[in-house]
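Residues per chain, in single letters:
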Amino acid sequence: MPRRKVTIEKPPPRPAILRPLGNQLRRLRLERKLSQERLAERAGLNYKYIGRIELAKADPGADVLVRLARALTIPVGELFATITPGDRGHRLSPADVEALSSALGALTTVANRIVAQQPPALPSRAPRRTRR
(Lines give C-alpha, C1' and ligand atoms only; values in the text may rest on other atoms or scores of the structure.)
Protein backbone atom coordinates (compact mmCIF):
# COMPACT_ATOMS: atom_id res chain seq x y z
CA MET A 1 0.00 0.00 0.00
CA PRO A 2 1.51 3.38 -0.99
CA ARG A 3 2.06 5.93 1.71
CA ARG A 4 0.01 9.07 1.58
CA LYS A 5 1.87 12.30 1.39
CA VAL A 6 1.29 14.53 4.34
CA THR A 7 0.63 18.01 3.09
CA ILE A 8 1.36 20.91 5.33
CA GLU A 9 -0.88 23.78 4.50
CA LYS A 10 0.86 27.09 4.26
CA PRO A 11 -1.05 30.04 5.60
CA PRO A 12 -2.25 32.31 2.84
CA PRO A 13 0.17 35.13 2.09
CA ARG A 14 -0.58 38.36 3.87
CA PRO A 15 -1.51 41.29 1.69
CA ALA A 16 1.42 43.61 0.98
CA ILE A 17 -0.58 46.54 2.29
CA LEU A 18 -0.48 45.34 5.92
CA ARG A 19 3.14 46.36 6.63
CA PRO A 20 2.79 50.03 5.55
CA LEU A 21 -0.65 50.21 7.19
CA GLY A 22 0.81 48.97 10.49
CA ASN A 23 3.71 51.42 10.23
CA GLN A 24 1.33 54.30 9.55
CA LEU A 25 -0.90 53.34 12.47
CA ARG A 26 2.12 53.22 14.79
CA ARG A 27 3.40 56.60 13.54
CA LEU A 28 0.02 58.26 14.03
CA ARG A 29 -0.37 56.71 17.49
CA LEU A 30 3.07 57.85 18.62
CA GLU A 31 2.56 61.37 17.21
CA ARG A 32 -0.43 61.66 19.51
CA LYS A 33 1.57 60.23 22.41
CA LEU A 34 -0.83 57.31 22.86
CA SER A 35 0.09 53.88 24.12
CA GLN A 36 -1.37 50.81 22.44
CA GLU A 37 -3.50 50.33 25.56
CA ARG A 38 -4.90 53.88 25.42
CA LEU A 39 -5.62 53.67 21.69
CA ALA A 40 -7.30 50.30 22.16
CA GLU A 41 -9.42 51.74 24.96
CA ARG A 42 -10.51 54.66 22.79
CA ALA A 43 -11.30 52.39 19.83
CA GLY A 44 -12.98 49.67 21.88
CA LEU A 45 -10.41 47.06 20.86
CA ASN A 46 -7.89 44.84 22.63
CA TYR A 47 -4.39 46.33 22.94
CA LYS A 48 -2.88 43.04 21.72
CA TYR A 49 -4.89 43.40 18.53
CA ILE A 50 -3.46 46.91 18.02
CA GLY A 51 0.02 45.40 18.36
CA ARG A 52 -0.79 42.69 15.83
CA ILE A 53 -2.03 45.29 13.34
CA GLU A 54 1.13 47.37 13.80
CA LEU A 55 3.27 44.26 13.22
CA ALA A 56 1.23 43.35 10.11
CA LYS A 57 0.08 40.10 11.70
CA ALA A 58 -3.61 41.00 11.64
CA ASP A 59 -5.77 42.10 8.73
CA PRO A 60 -8.19 44.70 10.12
CA GLY A 61 -11.53 45.09 8.43
CA ALA A 62 -13.28 48.32 7.51
CA ASP A 63 -15.07 48.48 10.86
CA VAL A 64 -11.78 48.30 12.78
CA LEU A 65 -10.15 50.91 10.53
CA VAL A 66 -13.05 53.31 11.10
CA ARG A 67 -12.84 52.76 14.86
CA LEU A 68 -9.08 53.39 14.83
CA ALA A 69 -9.48 56.55 12.74
CA ARG A 70 -12.12 57.89 15.13
CA ALA A 71 -9.93 57.09 18.13
CA LEU A 72 -7.03 58.96 16.50
CA THR A 73 -9.40 61.78 15.42
CA ILE A 74 -8.35 61.55 11.77
CA PRO A 75 -10.12 60.78 8.51
CA VAL A 76 -9.95 57.09 7.59
CA GLY A 77 -7.95 57.98 4.48
CA GLU A 78 -5.12 59.24 6.68
CA LEU A 79 -4.40 55.62 7.62
CA PHE A 80 -3.60 55.01 3.95
CA ALA A 81 -1.70 58.27 3.31
CA THR A 82 1.70 56.55 3.01
CA ILE A 83 0.27 53.68 0.97
CA THR A 84 -1.60 55.65 -1.67
CA PRO A 85 0.63 58.42 -2.94
CA GLY A 86 -1.18 61.61 -3.69
CA ASP A 87 -0.36 65.10 -4.78
CA ARG A 88 -1.14 66.55 -1.38
CA GLY A 89 2.45 67.60 -0.84
CA HIS A 90 4.42 67.36 2.37
CA ARG A 91 2.52 66.32 5.49
CA LEU A 92 3.31 68.20 8.67
CA SER A 93 3.41 66.60 12.08
CA PRO A 94 1.20 68.07 14.84
CA ALA A 95 4.34 69.48 16.52
CA ASP A 96 5.33 71.26 13.28
CA VAL A 97 1.83 72.67 12.88
CA GLU A 98 1.90 73.97 16.46
CA ALA A 99 5.32 75.60 15.97
CA LEU A 100 4.21 77.22 12.72
CA SER A 101 1.02 78.47 14.33
CA SER A 102 2.97 80.04 17.20
CA ALA A 103 5.46 81.68 14.82
CA LEU A 104 2.66 83.03 12.63
CA GLY A 105 0.92 84.45 15.69
CA ALA A 106 4.06 86.35 16.73
CA LEU A 107 4.60 87.57 13.16
CA THR A 108 0.99 88.75 12.93
CA THR A 109 1.37 90.73 16.16
CA VAL A 110 4.49 92.50 14.85
CA ALA A 111 2.89 93.15 11.46
CA ASN A 112 -0.24 94.62 13.07
CA ARG A 113 1.88 96.91 15.24
CA ILE A 114 3.83 98.11 12.21
CA VAL A 115 0.67 98.71 10.22
CA ALA A 116 -0.87 100.64 13.12
CA GLN A 117 2.43 102.58 13.44
CA GLN A 118 2.70 101.87 17.12
CA PRO A 119 6.02 102.32 18.85
CA PRO A 120 7.94 99.09 19.46
CA ALA A 121 7.22 97.25 22.67
CA LEU A 122 9.48 98.16 25.58
CA PRO A 123 11.91 95.52 26.78
CA SER A 124 10.84 93.71 29.92
CA ARG A 125 13.88 95.04 31.78
CA ALA A 126 15.79 98.27 31.36
CA PRO A 127 19.30 97.90 29.93
CA ARG A 128 22.16 98.18 32.43
CA ARG A 129 24.18 101.31 32.59
CA THR A 130 27.85 101.06 31.94
CA ARG A 131 30.21 102.50 34.55
CA ARG A 132 32.82 105.01 33.56
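The structure we're discussing is the one just above.
Residues numbered from 1 in each chain as written. Predicted model: local features only at pLDDT ≥ 70, side-chain atom pairs only at ≥ 80, totals over all residues. Heavy atoms only, no water.

Asker: So what's going on with helix α4 (residues 62-72)? Which residues, and what values?
Answerer: Spacing of three or four residues puts side chains on the same side of an α-helix, whose turn is 3.6 residues. Buried within α4 we find Val64, Leu65, Leu68, Ala69, Ala71 and Leu72. Considered in projection along α4, the buried side chains sweep an arc of 160° and stay on one side of the axis. Seen from the open side of α4, the exposed residues pointing more than 90 degrees away from its buried face are Ala62 and Arg70. At its buried positions, α4 is contacted by α1 (18-31), α2 (36-43) and α3 (47-54). Following α4 by one or two positions, threonine 73 adopts a phi angle in the positive range, close to 50°. (Buried < 20%, exposed > 50% of the residue type's maximum accessible area, 1.4 Å probe, protein only. Helix = DSSP H or I, 4+ residues; strand = E, 2+ residues; numbered from the N terminus. Arc of directions from axis to C-beta. Contact = heavy atoms within 4.5 Å.)

Asker: Can you explain the pattern of salt bridges? Please cite residues and give values.
Answerer: In total, this model carries five salt bridges according to the counting rule given. For glutamate 54, the salt bridge goes to arginine 29, with nearest N and O atoms at 2.6 Å. Of this pair, glutamate 54 sits in helix α3 while arginine 29 sits in helix α1, and the two are 25 residues apart along the sequence. Exposure class is identical for glutamate 54 and arginine 29. Each is buried. The partner of glutamate 41 in a salt bridge is arginine 38, and the shortest N-O contact between them spans 2.5 Å. Placement of both glutamate 41 and arginine 38 in helix α2 is noted, with a separation of three residues, approximately one turn of the helix. It is possible to trace a salt-bridge network through shared partners that takes in Arg27, Glu31 and Arg32. (Salt bridge = Lys/Arg side-chain N within 4 Å of Asp/Glu carboxyl O.)

Asker: Tell me about unusual backbone geometry, residues and numbers included.
Answerer: Most peptide bonds adopt trans geometry, and most residues besides glycine take a negative phi value. We note that alanine 56 has phi near 65°; this positive angle belongs to a residue other than glycine. One can find alanine 56 in the loop between α3 and α4. When its relative accessible area of 8% is taken as the criterion, alanine 56 is described as buried. Residues other than glycine seldom take positive phi values, yet threonine 73 does so here, at roughly 50°. Positionally, threonine 73 belongs in the loop between α4 and α5 (94-115).

Asker: If you had to explain the environment of leucine 28 to someone new, which residues and values would you point to?
Answerer: Within the secondary structure, leucine 28 is located in helix α1. Along the sequence, leucine 28 and serine 93 sit 65 residues apart, while their C-alpha atoms lie 9.2 Å from each other. In this structure, leucine 28 is in contact with Leu72, Ile74, Glu78 and Leu79, ignoring residues within four places of it in sequence.

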